[in-house]
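# Descriptive structure summary
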Amino acid sequence: MSGSWDVIVAGGGSAGTAAALAAARAGARTLLLERHSLLGGMGAQALVHTFCGLFHPDVSRPWAWLNAGVPAEIGARMMEVTGQTAPDLMGKVYVLRQHPSLFAGIADELCSTEPLLTRLSGVEWTALRRVGGGWELEAAGKGARQVLAARALVDCTGDASGARLAGCPGWLLPRAARLYRPAYVCAFHHVSGGQDDTWRLNLGGRIVRAVQEGRLPAAALGAGFRASPFKGEVFLTVDLEAGQDEWDPLDPAKRAGVEAEGRTVALALWRELRAAHPDFAQCPPPVLPAQAGIRESDCYAGDHVLTGDELAACARFDDEVALAGWPMEKRENARGPKFRFFERAEPAGIPARCLRRSDAPGLFFAGRCLSADHEALASVRVMGTCMATGEAAGRMAAEHACLQR
């Protein structure tokens, strides 16, 4: 499918889906490119099973949506289809349990109702260049090459691939010395028990003993369980060291190693728990993800680089287009997160300048690859905030495309 579009969005995760919906709803002929078979990104492919960043950070009052529009729309729909009436209060934050399959279905439903939105699966861009007042790109999938043109682009790939394809030096932020560790998530079914905090604590103790006695690999120490919205299903998350400073999410060999290690740990845990824990006696082999969960990769250096200090100070901006309310959840090793909370129970702003570069008119970026430093990314990378920045970038792209007509 070659041709011209007002807006092309690369990446159909939480940010990309929101960007495509926003652009199409603003009247732009929009094409959404997704390299996998499902929309939803980490929330569908990697089985990340909680929506974080959807709610106002003040947990002393009843929960409230932080960003209106697509984030609240998807959150409300997820609550409806899972039968939840409120998010869960976990310490100092509200979170919403979500189901990866249902997230993919909700994304399909919303996109299918937009007549100006076209989706392509199994396709990703492989070249990108400025042509006149717009952009031309090459996309490939299943052996077919396509040449596409657009007045505006939105990069929601999660790793700023558009910056590298365009070949413009200085667009990428320097790589952090210690990238946030990847996670491997899978789903266990037919699990009995209450699955409350005491249950999880006891389960953690069993895992530690099994590692000490040599029945489980050391990587199992990074494991944690969380209940699904549905009875009998639990999600296992294993944080992986991934080679520490050698970890590179853009290196296919290192990605393959992480995926293999995650599978090894998940299946070892299943065998151990099925044999030793009565609540797992009827559990079939776990449902494995299509990919590991990536928390940090390359990102853009936009007209403004959002910093952790700005988030902590609850900074607000004249040109803000979204709000961040999730604390900085820093996972620089597999031993659990270190949180830096905002100084007040108030959100911080995300300026439009974090979603664009003035020397690249018509190119916008959102989600995990927006312009933020290593610490700020620990907050804005979560799915609820990605939806908000994606929606903002989609609106900005549609506005730019309209001016170019």
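The preceding data block contains the structure.
Since we're looking at a predicted model, the values are computed, not measured. (Residues numbered from 1 in each chain as written. Predicted model: local features only at pLDDT ≥ 70, side-chain atom pairs only at ≥ 80, totals over all residues. Heavy atoms only, no water.)

Attention shifts here to the overall build of the protein. Each helix and strand counted, the protein has 9 helices and 17 strands in total. Against the 2.2 N^0.38 benchmark of 22 Å for 405 residues, the protein shows a C-alpha radius of gyration of 21 Å, consistent with a compact globule. Dimensions of the protein along its principal axes, counting C-alpha atoms only, are 65 × 50 × 40 Å. Counting every position in the protein, which comprises 405 residues, the buried fraction comes to 57%. Roughly 16000 Å² of accessible area belongs to the protein as shown, and the carbon and sulfur atoms make up 52% of that amount. Both charge centroids of the protein, one from 43 positive and one from 45 negative side chains, sit 3 Å from each other. (Helix = DSSP H or I, 4+ residues; strand = E, 2+ residues; numbered from the N terminus. Rg over C-alpha atoms; globule rule 2.2 N^0.38 Å. Buried < 20%, exposed > 50% of the residue type's maximum accessible area, 1.4 Å probe, protein only. Areas by Shrake-Rupley, 256 points an atom, 1.4 Å probe, with all protein chains shown as cover. Lys, Arg positive; Asp, Glu negative; His and termini not counted. Charge placed at Lys NZ, Arg CZ, Asp CG, Glu CD.)

This brings us to the sheet that holds strand 10 (residues 183-188). Read from one edge of the open sheet, 3 strands run 10-12-11, paired in antiparallel fashion. In the strand order of this sheet, the two ends are held by strand 10 and strand 11 (223-227), each with one partner. Ignoring which end each strand starts from, the neighbouring axes of this sheet average 25° apart. (Pairing = 2+ DSSP bridges. Axes fitted to C-alpha atoms, helices over the stretch in contact; angles between N-to-C directions.)

With that settled, consider the environment of Asp373. In this structure, Asp373 sits in the loop between strand 17 (363-365) and helix 8 (374-380). According to the relative accessible area criterion, Asp373 is partly exposed, its value standing at 24%. Here the alpha-carbon distance between Asp373 and Tyr300, two residues 73 residues apart in the chain, equals 9.7 Å. Among all residues touching Asp373, those that are not within four sequence positions of it are Val305, Leu306, Thr307 and Gly308. (Contact = heavy atoms within 4.5 Å.)

With that settled, consider helix 5 (residues 197-212). The terminal C-alpha atoms of helix 5 lie 23 Å apart, and with 16 residues this matches the ideal 22 Å at 1.5 Å per residue to within 8%. Listed as buried for helix 5 are Trp199, Leu203, Ile207, Ala210 and Val211. Down the axis of helix 5, the sector holding all buried residues measures 110°, keeping them to one side. Exposed positions of helix 5 whose direction lies more than 90 degrees from the buried face are Asp197, Leu201 and Gln212. (Expected span 1.5 Å × (residues − 1). Arc of directions from axis to C-beta.)

Here we come to the sheet that holds strand 5 (residues 93-97). Taken in spatial order, the 3 strands of this open sheet run 3-5-4, and their pairing is antiparallel. A strand with exactly one partner marks an edge of an open sheet, and here the two such strands are strand 3 (50-51) and strand 4 (88-90). Helix 2 (residues 70-82) rests against strand 3 and strand 5 of the sheet, and its axis sits at about 60° to strand 5.

Quick look at the side chain of Asp155 now. Within the element layout of this structure, Asp155 appears in strand 9 (residues 144-155). Within the buried core, Asp155 has no salt-bridge partner, and the shortest N-O distance to an opposite charge, that of Arg164, equals 7.3 Å. A distance of 2.7 Å separates the side chain of Asp155 from the side chain of Thr157, its partner in a polar contact. One polar contact links Asp155 to Tyr300, side chain to side chain, over a distance of 2.5 Å. In this structure, Asp155 is in contact with Ala10, Trp125, Ala160, Ser161, Gly162, Ala163, Tyr300, Phe364, Phe365, Ala366 and Cys369, ignoring residues within four places of it in sequence. (Salt bridge = Lys/Arg side-chain N within 4 Å of Asp/Glu carboxyl O. Polar contact = N/O pair within 3.5 Å; in protein donor to acceptor, adjacent residues only side chain to side chain.)

Enumeration according to the criterion identifies 27 salt bridges in this entry. Notably, a salt bridge pairs Glu391 with Arg395, separated by 3.5 Å at the nearest N-O pair. Note that Glu391 and Arg395 are positioned in helix 9 (residues 383-404) at a spacing of 4 residues, about one turn of the helix. By relative accessible area, Glu391 is classed as buried at 12%. Given the relative accessible area of 40%, Arg395 is considered partly exposed. One salt-bridge network, in which partners are shared between bridges, spans Arg129, Glu136, Glu138 and Arg145.

The next thing to look at is unusual backbone geometry. The residue Ala160 is not glycine, and still its phi comes out positive at about 55°. Within the secondary structure, Ala160 sits in the loop between strand 9 and helix 4 (161-166). Residue Ala160 is classed as buried on the basis of its relative accessible area of 0%. One non-glycine residue, His190, lies in positive phi territory at about 60°. With respect to the element layout, His190 can be found in the loop between strand 10 and helix 5. For His190, a relative accessible area of 55% gives the class exposed.

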